[in-house]
Amino acid sequence: MNKKFNIALVGNAPVEKHGILNAMLDDETLQEMCDIQLYGADDMAIKDALHDAIDDYLDGVISGIVCLPTDEPLELTIKDIMGEEAKDVMPLYIHSTSRMASATSSEDISAEGLTSAVKTLNRALKRDLSILNPRIAVTSVGDEISATEGSADITVIAPTVSELVKGGIQVFGPIAAKKIFDNDDFMAFDAVMTMRKGQCHEEFCKATNEETVTLFAGIEIPLVQAQAEGMVQAISIANDTARNRKVYDIPFANPLQKLYHERKEDGDKARFAVKKKGFNPAEHRRENVNYIKANPTPNTEGIKEDKTE
């Protein structure tokens, strides 16, 4: 994992015209971090430059992509280039100590859409940013939580959050969107999931008080968009994302086969296929307070029978 990665720098004009890049590319820290490949020309649209970089990524030439600041909606450009493979793409705004994403770009909030968005965000935090057990805050639909019968906060967000928690994701909400950035409350979480694109974005930028970098989560390419003053940070995030993914994916490449017996009892499979009487290991393993209270000690009758064989 000590090998330097090649990171593509994509723009729709020669990089020499971006004065900030000249000094940045001479930065010793950056040179030690990764190698830079430049994509772009005066007569080349950013879509074409990005398309070339994505092709090179798929061919293994580069390990990540950083797009220079542009007024074009990069999310739509990514979807146009990658098609179905980018259907779950999610702009994740990254500050040095916090992150924010949105569940949808429309006014419609569904349980399925929110579930998919939270899972995409949770995976990106773990796989891309190496946050082992992320805490995610989910905001309300409006500025305040609506207790009105039939509101999305009550009928969609609250039950969806409960189901996600049951599935092992640390998600909290709904939390009033207007208050999440008051008194730095957002700092208690690894990321904030708002309901609509643009919701709380101004408050997030104001609270973080610095340029943010956008990581496009939900796609297999480490792709980052930089702000004018955040070029080195953007390259660092693209480089770290490529490295973090390799480390995260290693245990899943060749998983060990599930063992059905202890080594010392090799060949005695039938014995382990016998159902134990009065003792259900799967049920006993559940982290359920009511079950533990009702069953302070397991019934070991079946185990005693095994020892007599």
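Residues numbered from 1 in each chain as written. Predicted model: local features only at pLDDT ≥ 70, side-chain atom pairs only at ≥ 80, totals over all residues. Heavy atoms only, no water.

### Points about the nonpolar core
Among the nonpolar cores identified, the biggest contains 43 residues, and Val66, Val118, Leu121, Val138 and Met193 are the most heavily contacted of them. Ignoring any residue separated from it by four or fewer positions in sequence, one finds Val66 in contact with Ile7, Ala8, Leu9, Val10, Val224, Ala226, Met231, Ala234, Ile235 and Ala238. In terms of nonpolar packing, the next biggest core, distinct from the first, is built from 21 residues, Ala8, Val10, Ala49 and Cys67 among them. (Core = buried A, V, L, I, M, F, W, Y, C linked by side-chain atoms within 4.5 Å. Buried < 20%, exposed > 50% of the residue type's maximum accessible area, 1.4 Å probe, protein only. Contact = heavy atoms within 4.5 Å.)

### What about the environment of Cys200?
Relative to the assigned elements, Cys200 resides in the loop between strand E8 (191–196) and helix H7 (201–208). Classification of Cys200 by relative accessible area gives buried; the value is 8%. With residues up to four places along the chain from it excluded, the contact list for Cys200 reads Met100, Ala177, Phe181 and Thr194. (Helix = DSSP H or I, 4+ residues; strand = E, 2+ residues; numbered from the N terminus.)

### As for unusual backbone geometry
Backbone torsion omega between Gly173 and Pro174 reads 0°, so that peptide bond is classified as cis. Looking at the secondary structure, you find Pro174 in strand E7 (residues 170–175). Even without glycine at this site, Cys200 takes up a positive phi of about 70°.

### Observations regarding the packing of aromatic side chains
Evaluation of the coordinates by the stated rule reveals three aromatic pairs. Their ring planes at 55° and their centres at 5.8 Å tell us that Phe172 and Phe189 sit as a pair that is tilted. Placement of the pair is Phe172 in strand E7 and Phe189 in the loop between E7 and E8, with a sequence separation of 17 residues. Given the relative accessible area of 30%, Phe172 is considered partly exposed. Aromatic side chains Phe181 and Phe186 sit 5.0 Å apart centroid to centroid with 50° between the ring planes, which places their arrangement in the tilted category. (Phe/Tyr/Trp six-rings, centres within 6.5 Å; stacked < 30°, edge-to-face > 60°.)

### Some remarks on the pairing of strand E1 (residues 5–10)
Burial within E1 is extensive, with five of its six residues counted as buried. Pairing of E1 with strand E2 (residues 34–39) involves six bridges; the strand directions are parallel. Each residue of the ladder has a partner; that of Ile7, found in E2, is Ile36. In this sheet, strand E3 (residues 64–67) lies alongside E1 in parallel orientation, the contact comprising four bridges. Following the sheet pairing, Val10 is matched in E3 by Cys67. (Pairing = 2+ DSSP bridges.)

### With respect to the packing of helix H5 (residues 111–128) against helix H8 (residues 231–253)
Between H5 and H8, whose axes approach to 8 Å, the crossing angle comes to 95°. Here H8 runs roughly perpendicular to H5, going by the angle between their axes. Note on element contacts: H8 touches H5 through Asp240, Thr241, Asn244, Arg245, Tyr248 and Asp249, opposite Arg123, Lys126, Arg127 and Asp128. The residue inventory of the contact of H5 with H8, partitioned by class, reads one nonpolar, two polar and seven charged. (Axes fitted to C-alpha atoms, helices over the stretch in contact; angles between N-to-C directions. Parallel < 35°, antiparallel > 145°, perpendicular 65-115°, else oblique. Nonpolar A, V, L, I, M, F, W, Y, C, P; charged D, E, K, R; others polar.)

### Points about the side chain of Ser102
If you trace the backbone, Ser102 turns up in strand E5 (residues 99–104). Looking at Ser102, the relative accessible area reads 16%, which means it is buried. Among the polar contacts listed, one links the side chain of Ser102 to the side chain of Thr194, at a separation of 2.9 Å. Here Arg196 takes part through its backbone oxygen, which lies 3.3 Å from a polar atom of the side chain of Ser102. Setting aside anything within four residues of it in sequence, one finds Ser102 in contact with Met90, Met193, Thr194, Arg196, Lys197 and Gly198. (Polar contact = N/O pair within 3.5 Å; in protein donor to acceptor, adjacent residues only side chain to side chain.)

### Details of the confidence of the model for the chain
In this model, the chain carries an average pLDDT of 79, and 75% of its residues clear a pLDDT of 70 or more. Scored below 50 in pLDDT, residues 297–309 shows eleven contacts in the model against residues more than four places distant or in partner chains. (pLDDT = per-residue confidence, 0-100.)

### Observations regarding the packing of helix H3 (residues 46–58) against helix H4 (residues 74–82)
Where H3 meets H4, the closest approach of the two axes is 10 Å, and the angle between their N-to-C directions is 55°. When the interaxial angle is binned, H3 and H4 end up oblique. For H3 against H4, the interelement crossing comes out right-handed. Residues Lys47, Leu50, His51 and Ile54 of H3 form the contact with H4, whose participating residues are Leu74, Thr77, Ile78, Asp80, Ile81 and Met82. Split into classes, the residues belonging to the contact of H3 with H4 amount to six nonpolar, two polar and two charged. (Left-handed = near helix turned anticlockwise from the far one by under 90°.)

### Concerning H8
Taking 1.5 Å as the rise per residue, H8 with 23 residues should run 33 Å; its terminal C-alpha atoms sit 33 Å apart, in good agreement. Turning to H8, its buried residues number three or more, namely Met231, Ala234, Ile235, Ile237, Ala238, Asn239, Thr241, Ala242, Arg243 and Arg245. (Expected span 1.5 Å × (residues − 1).)

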